Amino acid sequence: MTQHSPGPGFRPRAAVAMSPEAADAVLDAESLRTLRTLCDLAPLPALDDLSTPRARSVLAGADLLVTGWGCPPLDAEVLRAAPKLRAVVHTAGSVRGLVTDACWERGIEVSSAAAANAVPVAEYTLAMILLSGKRVLEQARAYRAARRRDDWLRTPRTVGNHRRRIGILSASLTGRRVVELLRPHDLDVLLYDPYVSAAEAAELGVERVEPAELFARCDTVSVHTPLLPATRGLVGRELIEAMPEGAVLINTSRGAVVDQDALTDAVLAGRVRAVLDVTDPEPLPPDHPLWDCEDALITPHLAGSLGNEWRRLAETALAETARWASGAGFLHPVRRERLPFLA
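Quantities reported herein were computed from a predicted structural model and do not represent experimental measurements.

### Overview of helix H8 (residues 173-182)
Helical geometry note: an α-helix holds 3.6 residues per turn, so side chains three or four residues apart project in the same direction.
Here's step 1: Within H8 the residues assigned to the buried category are Thr174, Gly175, Val178, Val179 and Leu182. In an axial view of H8, the angular spread of the buried residues amounts to 145°, which keeps them on one side of the axis.
Here's step 2: In this structure, the buried side of H8 is in contact with helix H6 (114-133), strand E6 (164-169), strand E7 (187-192) and helix H9 (198-204).

### A word on the packing of H6 against helix H13 (residues 310-326)
Here's step 1: Relative orientation of the contacting elements H6 and H13 amounts to 160°, with a least axis distance of 8 Å. It follows from the interaxial angle that H6 and H13 lie roughly antiparallel. Judged by the twist between their axes, the crossing of H6 over H13 is right-handed. Two secondary-structure elements touch here, H6 through Ala116, Asn117, Val119 and Pro120 and H13 through Arg312, Leu313 and Thr316.
Here's step 2: Within the contact of H6 with H13, the residues separate by chemical class into four nonpolar, two polar and one charged.

### A word on the pairing of strand E9 (residues 220-223)
Here's step 1: Every second residue of E9 is oriented toward a common face, with Thr220 and Ser222 on one face and Val221 and Val223 on the other, all of them buried.
Here's step 2: With four bridges joining them, E6 and E9 adopt parallel strand pairing. Each bridged residue has a counterpart across the sheet, and for Ile166 the counterpart in E9 is Thr220.
Here's step 3: In terms of strand pairing, E9 meets strand E10 (residues 248-251) through four bridges, oriented parallel. Within the sheet, the bridge partner assigned to Val223 lies in E10 and is Asn251.
Here's step 4: Once the chain exits E9 it traverses helix H11 (residues 237-242) before rejoining the sheet at E10, and the crossover so formed is right-handed.

### Observations regarding the packing of aromatic side chains
Here's step 1: Taken as a whole and judged by the stated rule, the model has one aromatic pair.
Here's step 2: Ring plane angle 70° and centroid distance 5.8 Å describe the contact between Phe10 and Trp324, whose orientation is recorded as edge-to-face. Here the residue Phe10 occupies a position in the segment before strand E1 (13-17), and Trp324 occupies one in helix H13, the gap between them amounting to 314 residues. One exposure class covers both Phe10 and Trp324, and it is buried.

The rules behind the values
Residues numbered from 1 in each chain as written. Predicted model: local features only at pLDDT ≥ 70, side-chain atom pairs only at ≥ 80, totals over all residues. Heavy atoms only, no water. Buried < 20%, exposed > 50% of the residue type's maximum accessible area, 1.4 Å probe, protein only. Helix = DSSP H or I, 4+ residues; strand = E, 2+ residues; numbered from the N terminus. Arc of directions from axis to C-beta. Contact = heavy atoms within 4.5 Å. Axes fitted to C-alpha atoms, helices over the stretch in contact; angles between N-to-C directions. Parallel < 35°, antiparallel > 145°, perpendicular 65-115°, else oblique. Left-handed = near helix turned anticlockwise from the far one by under 90°. Nonpolar A, V, L, I, M, F, W, Y, C, P; charged D, E, K, R; others polar. Pairing = 2+ DSSP bridges. Right-handed = clockwise from strand over helix to strand, strands pointing away. Phe/Tyr/Trp six-rings, centres within 6.5 Å; stacked < 30°, edge-to-face > 60°.

Here it is, written out as structure tokens:
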């Protein structure tokens, strides 16, 4: 099989493979213009079915695929139709449902925009940590109902963000970004990650502890663990029951990392509060009690890239395409050996 080599003068043939809706959201007109300066781009619409005659014709000459939400798995059958394919630039985070063993066996290089998508998730997390520490939503609700201000000098000392203990569950891309964003604040940050040593934690400016201590000591615990077989139900009843009275659990990772029933029991009992951008299942059933519980804030999986934040995903993909075509290699490669630790 003859393949072109990326490097000076190489102009890859590329195609967009994702749902048309994802392509319209992530790749605006300016992004597409830039992409066309970097490669010979197959005409749109994006490929969302890789078995059609049109898709097979495009795949036959493609060196690179720009993928996104709604792209079918790149399995052995697809790769047989794409003999020249050498690289995948993914405009979203996880590549688990997209990149198959056949891709790794072919030696296809893979890039992901996970680092770019971690930015808004971390920003959401920071905002929720600070808002929940100040009990902003609860106080706004009470203020609206009473139409008068309570005696603010009687505010309990449990309210506020000075020296509040924040627990970070997993030093993932997002978890590390949250740690960075917390650094300027007067907060004490604890971390549990089995792959981070105490010395590495010290370099991050956090205290490394085991899960039981993280949940028992922290006023807020923020979950950033990818959903893997080993992490399903990781935040179980025992850890949730160890949380201090009035503590907050924030989950922007995956709902199934947390025991939803155990968390529901604790929230309904008034023991803990919850900020959930993800649930298990997602969404919760319409009659689930957390919908009407004032100690639970449930948002519709919006912490990740939305609206103008999609531009960051596109810029990352464009930069990766330019690097690969020049022979510089990806700045954000996905390695096969790292898959067991990635979302």
